[in-house]
Structures are given as structure tokens and as C-alpha cells.
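Per-entry structural report
Chain by chain, the residues run as shown.
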Amino acid sequence: MATRSSWVTMVVFLCILLSGFYLRVKSVNETVVVQPLRADAGDYFRYAYNILYKNTYSREMVDLKDLHSPVTPDRVRSPGYPLFLTFFVHGLAFQSFVEQVVLSQAILSGLTIHLAYLLFRCFLPPVWALAASLLVAVSPHLIVANSYILTETLFCFTLTVTVWLTGFLRSKPSWWLTLGLGLLMGLASLVRPSLQYFPLLFALFLVFQFGWRRGGKLAATALIGFSLSLSPWIIRNMHTFGVSGDKTLMINFLHHGMYPDFTYGNVKDSRGFPYRYDPRSSEISRDVRSVLREISNRFEKDPITHLQWFFVGKPVAFWSWNTVQGAGDAFIYPVSQSPYFHDPSFRWSHHLMHSLHWPIVIQAFFGAVMVWFPLSRIGLEDGADLSARVTSLLLIYYTALHVIGAPFPRYSIPLRPFLYGLGLFSPCLLTLALKNPCRHRKQRSPSQSATAFRNSN
């Protein structure tokens, strides 16, 4: 019976995986992005091009055809994604570059479905893990993101690998594993710097999970691994500029997030880009101190509005469906063609995910809280709480981070797999509680509870 169940689970998962790959490949093949190398995407391409052909990390575009024309190095964007793009840069063949990148991202996104399922199985029974994997497979945000020359897909893949590997700490809490986790977190931070403070929180979690003596050593090892990943970038910046990094992104992060509802005053057209309409933007964004001073002044002038925006509006905005700074819905840059405009399978999956979005977000919130309680009595497998708690910690970290700064929904796209996993964790716990009523809890041994968890499909 168990073997038959395993075969059914495998077949269902393969169907989900193949469907996810189909949606992703079809999407990147049929989606036409208007000016695909605009804004951030253009910066990433120029970084990659200058690395290859001018041996300089710079986003300047003086004369691309003149390989000897000098460019000025900078430190505005971290090098993780530009280094990834160097594998696809072949001179100034923009069209082939875009096609190769988006196809490779579709493949990485497809592999993320598999990694997400492996992560979900650490704390969910088979049926629930399959359901969460299906949500990852058909998520419009995860599918559409592959068509852009942006960090979302690579960061999501790297982050999913990292969180999945933390599950091995249950049985093998070794120094080598935590060193590897630290290295991976460092690499992910080089793709998207917003992760750079998470290793400190992860280190505290290891102490909480394994105690001061063992957990302290594991935490120190993880932080060493993280530092090793970041050290080449920091050393380069110190050697070239005399400082470890650039504060421009931090200033913008704080500045762009201080306007309630992403709007400047009563100017409707300013929604999404309020700082462009603020005549004092250059003064406010002079440095970090000036931004913090402005935020403090605004709290003093109108505390109720800003308290509501920071502690209610921002979390809601961060996890909302529509991209505020973008083309709307799941699209970041405008597209002239997409299978979501006409293909029935895409439109059906979009409607499904749009309908489930807020129920999943709300359930994920409860799941992120519940996972910190002892739940073994209702049949949660011993050790399953570790993976679920790291997932919860990641969602809590990013929600808190974007309460401080700009809560643009685009930044939550790479977190969707973790959102779906914890979104189904709450109803899973309820189901397990109903299957394991209080009067039977004392009669079950730990091995029986674990068996109940594995077989609750």
C-alpha cells in the first residue's frame, strides 16, 4: 500500500513538474517585452558587457563597440546577477542575449518547482506538499518573471536551494553544512543585497534551535561562510573606492517607501513613483541621515497616517498581487504579447491563483506564527519544525525589512514558493489535529505520530 502510494505521489509530482516547465518555456517563447533592456535590465547588461569586454565592473555605456574606451567602475549594484549574465553576452547581439537568458531562467524556475517540493516535504505530508508545488508551478508571478532580465528568478532559485538544505540540519547539524549554508546565503546576497542581514537572524535561530554550546558553533561557522562569499566584493570596493559598498540603494529603499500608498500628496499620477513628484527629493535623498530625519518629521506631523502606512499598509502592499512600480498585475515591464492574454491554460491558472492569493497570504501569516509552537502532539514529524521555522523566519524577515523601506510587491516575487508552503501549513495542521483528537494523543508513541504524519495523504 505504501509503495503504491509512493508511485502515485511520484506520478502526480512529475505531472506538476512537466506542467510547470511547459508553462515557463511557452511563456518566455511567446512573451514580447517592450524594450527588454530598459532601466535595471539595461544596467545589468552593461555590467556584464563591461566585465567581459572592458574588464571593469561598471554600468557606464560610453561606446560599446570601442573595446578600448575607458569606463568608470562603480559599486551601485552587487555583482551576482551580472556575473550570471556574462555566460550569455556575445558582443552586441541583444536579441540572442535576451532569448538565451530568459530560456535559462525558465529552466531555473522549473528546477525551483522540484526544489520547493523537496523543501515542502520537510514539513508537509505528501498531498499537501504536492498542492503547494502545484501553486509554485502555476504562479503567474514566478512564470512572468522569467521573461525579464531581472534578478527575481536567479534569486528565487538560490534562496530555495539554501532553505531546502537547511532541512538537513535535522539529521546532520555539521559545521561543513552550516559553512555551505553561509556561503550560499552570501551568494544569494550578491544577487539581491536585501538578504545581507538575514544570516545574523539565522545565526540566532541556530542558537535557539540547538542551544548555546552547539548552536553557537554552528552559528559562527555559518557567519564565516557568509563572510567568505562577500569578502571578494568588499575587498574590491575597499581597494577601488576606500569603502565597502554604496549607500545609494539603501537611501532609495528608505526614501521610496516613506510615502503613504506610494503617492505624493493628492497627485494621482504619482502612484508608484511619488519621489519623482516631490520637489524636495534631492534634498531628502542626500544621505541616509537626511532620509531618516524626513521620516521622523513626517511621523511628528501626521502620526496616525504614517503609523497606519508603516505597520498595516506596507505589509499589505508588499504581499499584494499587483506590481505597483510596473505594468500591472504580474507584469513588471510592459509587454506587447503574452500567453496570459489569450491562452486558456494560462488564463485559467491566472484566475485560480488570483482567487487564492489573499487566502494563502492570510494562512501563511498564521502558519508563520504556529510553527513556533510545539506541534508534535498532533502528528507533526519530529524535526519538521526546523525547515518550517526557517521558512517562517525568512517571510517574517522580509516583511519587517520592507516595513522599514519600500514595500514594492515586485520584491516579494522570489518569496512566493515559501509563501505557498506556509500558506498550506495552517490547513494541514488543522487536518492533522482533526485526525489526531486529544483523547488519542497520550496513547500514541512518537514513532506512531511520525507514521501518521507520513501517511496522512
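As the structure is a prediction and not an experimental result, all values here were calculated from the model.

1. Focus on unusual backbone geometry
Here A39, not a glycine, exhibits a phi torsion of approximately 45 degrees, which is positive. Despite not being glycine, D329 shows a phi value in the positive range, around 55 degrees. With respect to the helices and strands, the residue D329 is situated in the loop between α14 (303–318) and β2 (335–337).

2. Notes on the packing of aromatic side chains
This structure, assessed with the given rule, holds 30 aromatic pairs. Note on F45 and F94: the rings are 5.2 Å apart at their centroids and 70 degrees apart in plane angle, and the pair reads as edge-to-face. Residue F45 is located in helix α2 (residues 39–53), and its partner F94 is located in helix α4 (residues 94–120); the two are separated by 49 residues in the primary sequence. Judged by relative accessible area, F45 falls into the buried class, the value being 4%. F94 gets classed as partly exposed once you look at its relative accessible area, which sits at 35%. Among the aromatic residues, those joined into a ring-pair cluster are F198, F202, F205, F208, W372, Y397 and Y398. Just above the ring of Y44 sits the side chain of R77; from NZ or CZ to the centre is 5.3 Å.

3. Brief notes about empty space enclosed by the protein
Here the structure, examined in full by the defined rule, presents two cavities of 30 Å³ or more. Around the largest cavity, the lining residues are S109, T112, L142, A145, N146, E152, T153, C156, F157, I413 and P414. Contributions of two or more residues to the lining of the largest cavity are made by α4 and α7 (152–166). The element contributing the most residues to the lining of the largest cavity is α7, with four residues. The residue inventory of the lining of the largest cavity, partitioned by class, reads six nonpolar, four polar and one charged. As for the second largest cavity, its lining consists of L159, T162, V163, T166, M185, L195, F198, F202 and V390. At the level of elements, α7 and α9 (198–210) are the ones that each hand at least two residues to the lining of the second largest cavity. By residue number, the principal contributor to the lining of the second largest cavity is α7, which donates four residues. Class assignment of the residues belonging to the lining of the second largest cavity gives a composition of seven nonpolar, two polar and no charged.

4. Let's talk about the layout of surface pockets
Estimates place the volume of the second largest pocket at around 340 Å³. What lines the second largest pocket is a set of 15 residues, and nearest its centre among them are W319, V361, A364, F365 and T399. Of all the secondary structure elements, the ones that give two or more residues to the lining of the second largest pocket are α14, α15 (344–370) and α16 (384–404). Considering each element in turn, the lining of the second largest pocket owes the most residues, seven residues, to α15. Tallied by class, the residues present in the lining of the second largest pocket amount to 14 nonpolar, one polar and no charged.

5. Description of the pattern of salt bridges
Summed over all chains, the structure comprises 16 salt bridges. A salt bridge links R192 to E152; the shortest N-O distance between them is 2.8 Å. Placement of R192 in the loop between α8 (175–191) and α9 and of E152 in helix α7 is noted, with a sequence separation of 40 residues between them. Neither residue differs from the other here; R192 and E152 are each classed as buried. When salt bridges with common partners are traced through the structure, they connect D40, D43, R46, R59, D74, R77, E152, R192 and R410 into a single cluster.

6. Here's the deal with helix α13 (residues 288–301)
The first and last C-alpha atoms of α13 sit 20 Å apart over 14 residues, in line with the 20 Å expected at 1.5 Å per residue. Among the residues making up α13, those that are buried are S290, V291, E294, I295 and R298. End-on view of α13: buried residues confined to an arc of 140 degrees, all on one side of the axis. When the buried face of α13 is taken as reference, the exposed residues oriented beyond 90 degrees from it are R289 and E300. Here the buried face of α13 lies against α11 (248–256), α12 (281–284) and α14.

7. Section: α14
Side chains that are three or four residues apart share a direction in an α-helix, a result of its 3.6 residues per turn. If you check α14, its first and last C-alpha atoms are 21 Å apart, about what 16 residues at 1.5 Å a residue would give, namely 22 Å. Considering bend angle alone, the principal kink of α14 is centred on W309 and spans about 40 degrees. By the burial criterion, the buried members of α14 are H306, W309, F310, G313, K314, P315, A317 and F318. Next to the buried residues of α14 lie α13 and α16.

8. As for the side chain of S426
Tracing the chain through its elements places S426 in helix α18 (residues 425–435). A relative accessible area of 16% places S426 in the buried class. Within the local environment of S426, its side chain forms a polar contact with the backbone oxygen of Q363, the two atoms lying 2.8 Å apart. Excluding anything up to four places from it in sequence, S426 contacts Q363, F366 and G367.

9. Remarks on the state of the cysteines
Enumeration according to the criterion identifies zero disulfides in this entry. Not part of a disulfide, C122 finds its nearest cysteine sulfur in C428, a span of 13 Å. Classification of C122 as buried rests on a relative accessible area of 7%. With no disulfide partner, C156 has as its closest neighbouring cysteine sulfur the one in C122, 16 Å distant. According to the relative accessible area criterion, C156 is buried, its value standing at 4%.

Thresholds applied
Residues numbered from 1 in each chain as written. Predicted model: local features only at pLDDT ≥ 70, side-chain atom pairs only at ≥ 80, totals over all residues. Heavy atoms only, no water. Helix = DSSP H or I, 4+ residues; strand = E, 2+ residues; numbered from the N terminus. Phe/Tyr/Trp six-rings, centres within 6.5 Å; stacked < 30°, edge-to-face > 60°. Buried < 20%, exposed > 50% of the residue type's maximum accessible area, 1.4 Å probe, protein only. Lys NZ or Arg CZ within 6 Å of the ring centre and 35° of its normal. 1 Å grid on protein atoms, 1.4 Å probe; cavity = no way out; pocket = protein on both sides within 12 Å on 5 of 7 lines; lining within 4 Å. Points joined across faces, edges and corners; volume = space filled by probe spheres on them. Nonpolar A, V, L, I, M, F, W, Y, C, P; charged D, E, K, R; others polar. Salt bridge = Lys/Arg side-chain N within 4 Å of Asp/Glu carboxyl O. Expected span 1.5 Å × (residues − 1). Arc of directions from axis to C-beta. Contact = heavy atoms within 4.5 Å. Bend = angle between axes of the 7 residues up to and from the residue. Polar contact = N/O pair within 3.5 Å; in protein donor to acceptor, adjacent residues only side chain to side chain. Disulfide = S-S within 2.5 Å.

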